[in-house]
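Commentary on secondary and tertiary structure
Chain by chain, the residues:
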Amino acid sequence: MDTRALDARALLRTALANGHSPELPALRSIAPEELTQALDQLTPSELGLICTRLGDEALADLVAEFDAFDSARLIGKLGRAQAADVLEEMDPDDAADVMGELHPDIAEAILGEMRPAEAADVRELLTHRAESAAGIMTPDFVSVAPYLTADEALAQLGRVAEEAETIYYVYVTDPQTRRLLGVLSLRNLVLSPRWKLVSQLMDTDVRCIRADADQEAAARLLDQHHLLALPVVDEQDRLLGIITADDAADVLLEEAGEDIERLGGSQPLEEPYLRASIAHLFRKRIGWLLVLFVAEAYTGTVLRHFEETLSEQVALAFFIPLLIGTGGNVGSQTVTTLVRAMGVGEVQFRDLFRILRRELAVGSLLGAVMGLTTYIRAWTLGVGIEIGPVVAVTAIFVVIWSATVAAVLPLVLRRLRVDPAVVSAPFITTLVDGTGLFMFFTIARLMLGLG
């Protein structure tokens, strides 16, 4: 176990031995991953005692900072009634995330111990896909009827504010159908004349998202428009819940991490790296590795085809790693830039020709610089004055070709509903290896008059 985790465990055991609760600020000062390790080492009775001494609300605040998997492991070690008490103090969306990690029988038993209202909220959230907008929403929002005055709306807000996730946005809904009619900010509500009706104050142009939409789309919508919360509605525009900025930030961070893993040609992990088994890591990587191995095999075919050319001018072999490496690097740079731009909605398939023109221009400039650099490298190796122009011209063509393919491939893959992040960078490198060699030996044959 990590030394810091041992220190955290010592803090907990010392507090238990002395008969008092560990100080919450002291626990908060410990990194979540270290604290979860320490808490996981406690026996169920010790953990239950810590829970009792800290109090349900304090423990709920602490557990909410852990990821859902770790939280579920800790909650699962508590008694059913005690686990229910802790989950009742958590935000419904966080509690639903924890429940989703528990065995269904255990989750159902804990739900049976919870207060009916809180249990109903959690059950409702569990009916939605985890990756959907509804999967990250909270039902704790503030809504008022359109016929209330500002004074009456403020009074109602005061009664429910403590339970709400955020009070900065007040949503206006039809009392009978729960259909979303408008929204007004807390600031406008406070500053408006007390006698004015909510229907006169509300903004009817409400940005919202469907419950079955992807959670990443919801997070980006919230981020792009600098909102503190985003309402989630069903097909009848009934308000189901809201997505808050902190939940959106978690989604964007998770998606960014997944894209980074995909860019390396590996499927994203569903759990933290250190908790993933060797077999799980193997399964995530072997598929694309085998696909790329088969694709890379044609590089050997190209070398075999130009075996006679290579035997006539052995010095050409010195530049094979340099040229295909340069082409792969240019392709990876371009793909990474475009996948990021596609991820944040900056470019779409309709921008293909604009992107192609830009990358051709950039590729030509990069090719000129790399061609000159490659020529200098050939000269310093002393391989003969005739080899320098060959590798320089090849470098120019390889760089332009790589930039062109990398500009087109991600957009085409997205159009075909294939994730460009998981395919583009490794595939570009593999493609450029073979085609770059073909260009190299073809140019060498033409310029050197080889067979």
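The sections below set out a description of the structure shown in this document. Predicted model only: the values in this text are computed from it and were never measured.

**Observations concerning the pairing of strand β3 (residues 180–185)**
Where strand β2 (residues 169–173) meets β3, five bridges bridge the pair, whose relative direction is antiparallel. The partner of Thr173 across the bridge, within β3, is Leu180. Remark: six residues form the turn of the hairpin made by β2 and β3, two consecutive strands paired antiparallel; Arg178 in that turn has positive phi of roughly 65°.

**Some remarks on the sheet that holds β2**
A sheet is described by the order of its strands in space; here three strands give the open sequence β1-β2-β3, paired in mixed fashion. The outermost strands of the open sheet, each flanked by one partner alone, are β1 (143–144) and β3.

**Quick look at the packing of aromatic side chains**
According to the stated counting rule, one finds two aromatic pairs in the structure shown. The interplanar angle of 65° and the centroid separation of 6.5 Å between the aromatic rings of Tyr169 and Tyr171 together place this pair among those described as edge-to-face. Across the pair, Tyr171 and Tyr169 agree in class, each one buried.

**Brief notes about a nonpolar patch on the surface**
Residues Leu372, Tyr375, Ile376, Trp379 and Ile385 make up a contiguous nonpolar surface patch of about 610 Å² in total accessible area. Locating Trp379 in the fold gives a position in helix α19 (residues 352–381). Among the residues examined, Trp379 registers a relative accessible area of 66% and is labelled exposed.

**With respect to a negative patch on the surface**
Together, Glu57, Asp61, Asp85, Glu89, Asp91, Glu113, Glu162, Glu163, Asp246, Asp250 and Glu254 give the surface a local cluster of negative charge. Elements supplying a minimum of two residues to the negative patch: α5 (56–63), α7 (80–89) and α15 (245–263). Tallying contributions element by element places α15 first for the negative patch, with three residues. With respect to the secondary-structure elements, Asp250 resides in helix α15.

**Describing helix α4 (residues 44–54)**
Turning to α4, its buried residues are Leu47, Gly48, Ile50, Cys51 and Leu54. The arc enclosing the buried residues of α4, seen along the axis, measures out at 155°, which places them on a common side. Summarising the geometry of α4, the exposed residues directed more than 90 degrees from the buried face are Ser45 and Thr52. Of the residues one or two after α4, Gly55 is the one with positive phi, at around 100°.

**Overview of the packing of α19 against helix α20 (residues 387–415)**
Each pair of packed helices gets described by two things: the angle between the helix axes and the distance between those axes. Contact geometry of α19 with α20 gives a least axis separation of 7 Å together with a crossing angle of 155°. Taken together, the axes of α19 and α20 are roughly antiparallel relative to one another. Seen along the crossing, α19 lies across α20 with a hand that is right-handed. Partitioned by chemical class, the residues of the contact of α19 with α20 number 20 nonpolar, seven polar and one charged.

**Brief notes about the pattern of salt bridges**
As enumerated under the stated definition, the model contains nine salt bridges in all. Here Arg210 and Asp237 are joined by a salt bridge, their closest N and O atoms 3.0 Å apart. Taken as a pair, Arg210 in strand β4 (residues 209–210) and Asp237 in the loop between β5 (229–233) and β6 (239–244) lie far apart in primary sequence, 27 residues in all. With relative accessibility at 36%, the residue Arg210 sits in the partly exposed group. Looking at Asp237, the relative accessible area reads 29%, which means it is partly exposed. Note that Asp234 is salt-bridged to Arg238, the shortest N-O span being 2.7 Å. Among the charged side chains, a network of salt bridges with common partners joins Glu88, Arg115 and Glu118.

**Observations concerning the nonpolar core**
Membership of the largest hydrophobic core comes to 59 residues, with the highest contact counts inside it found for Ile75, Leu87, Met99, Ile110, Met114, Tyr171 and Ile243. What Ile75 contacts, discounting residues up to four positions off in sequence, is Ala83, Val86, Leu87, Val98 and Ile110. Core analysis: the second largest hydrophobic core is formed by 19 residues, Ile320, Ala395, Phe441 and Ile443 among them.

**Remarks on the environment of Val183**
You can see Val183 is positioned in strand β3. For Val183, a relative accessible area of 15% translates into the label buried. In sequence terms Val183 and Asp203 are 20 residues apart; their C-alpha atoms lie 5.3 Å from each other. Every residue in contact with Val183, bar those within four places of it in the chain, is listed here: Tyr169, Val170, Tyr171, Val172, Met202, Asp203 and Val206.

**What to know about the sheet that holds β4**
Taken in spatial order, the three strands line up as β4-β5-β6 in an open sheet, and their pairing is mixed. Looking at which strands have only one partner, the edges of the open sheet turn out to be β4 and β6. Pairing of β4 with β5 involves two bridges; the strand directions are parallel. What sits directly across from Ile209, in β5, is Val232. Along the sheet, helix α14 (residues 215–224) contacts β4, β5 and β6; its crossing angle with β5, the most-contacted strand, is approximately 140°.

Scoring rules and cut-offs
- Numbering of residues starts from 1 in each chain and follows the order in which that chain's sequence is written.
- Where local features are concerned, this predicted model is filtered to residues with pLDDT of at least 70; where side-chain atom pairs are given and counted, the filter is 80 or more; whole-chain, interface and lining totals use all residues.
- Calculation of side-chain values draws on the structure's entire complement of heavy atoms; hydrogens and water are dropped beforehand.
- For two strands to pair, DSSP has to find at least two bridges joining them.
- The helix and strand labels rest on DSSP assignments: H or I over at least four residues marks a helix, E over at least two residues marks a strand, and numbering proceeds from the N terminus.
- Working definition: rings of Phe, Tyr and Trp (its six-membered ring) pair if their centres are within 6.5 Å, and the pair is stacked with planes under 30 degrees apart, edge-to-face with planes over 60 apart, and tilted otherwise.
- Each residue's exposure class comes from its accessible area (1.4 Å probe, protein chains only) as a fraction of the maximum for that residue type: buried when under 20%, exposed when over 50%, partly exposed otherwise.
- To count toward a patch, a residue needs a relative accessible area above 30% and no salt bridge. Like charges then connect within 9 Å, nonpolar side chains (Val, Leu, Ile, Met, Phe, Trp, Tyr) within 5 Å.
- Note on areas: Shrake-Rupley, 1.4 Å probe, and residue coverage restricted to the protein chains presented here.
- Each reported salt bridge corresponds to a side-chain nitrogen of Lys or Arg within 4 Å of a carboxyl oxygen of Asp or Glu.
- Positive residues here are Lys and Arg, negative ones are Asp and Glu, while His and the chain termini are left out of the count.
- A charged residue contributes its charge at one atom only: NZ of Lys, CZ of Arg, CG of Asp or CD of Glu.
- It is the directions from the helix axis to the C-beta atoms whose arc is reported.
- Comment: axis = line fitted to C-alpha atoms, over the contacting stretch for helices; angle = value between 0 and 180 degrees taken between N-to-C directions.
- Roughly parallel means an angle under 35 degrees; roughly antiparallel, over 145; roughly perpendicular, 65 to 115; everything else is oblique.
- Should the near helix be turned anticlockwise from the far one by less than a right angle, the crossing is termed left-handed; should it be turned clockwise, right-handed.
- Each residue is assigned to one of three groups, with Ala, Val, Leu, Ile, Met, Phe, Trp, Tyr, Cys and Pro labelled nonpolar, Asp, Glu, Lys and Arg labelled charged, and all others, Gly among them, labelled polar.
- By convention a nonpolar core is built from buried Ala, Val, Leu, Ile, Met, Phe, Trp, Tyr and Cys residues, the set being connected through side-chain atoms within 4.5 Å.
- By the convention used here, residues are in contact when the closest approach between their heavy atoms is within 4.5 Å.

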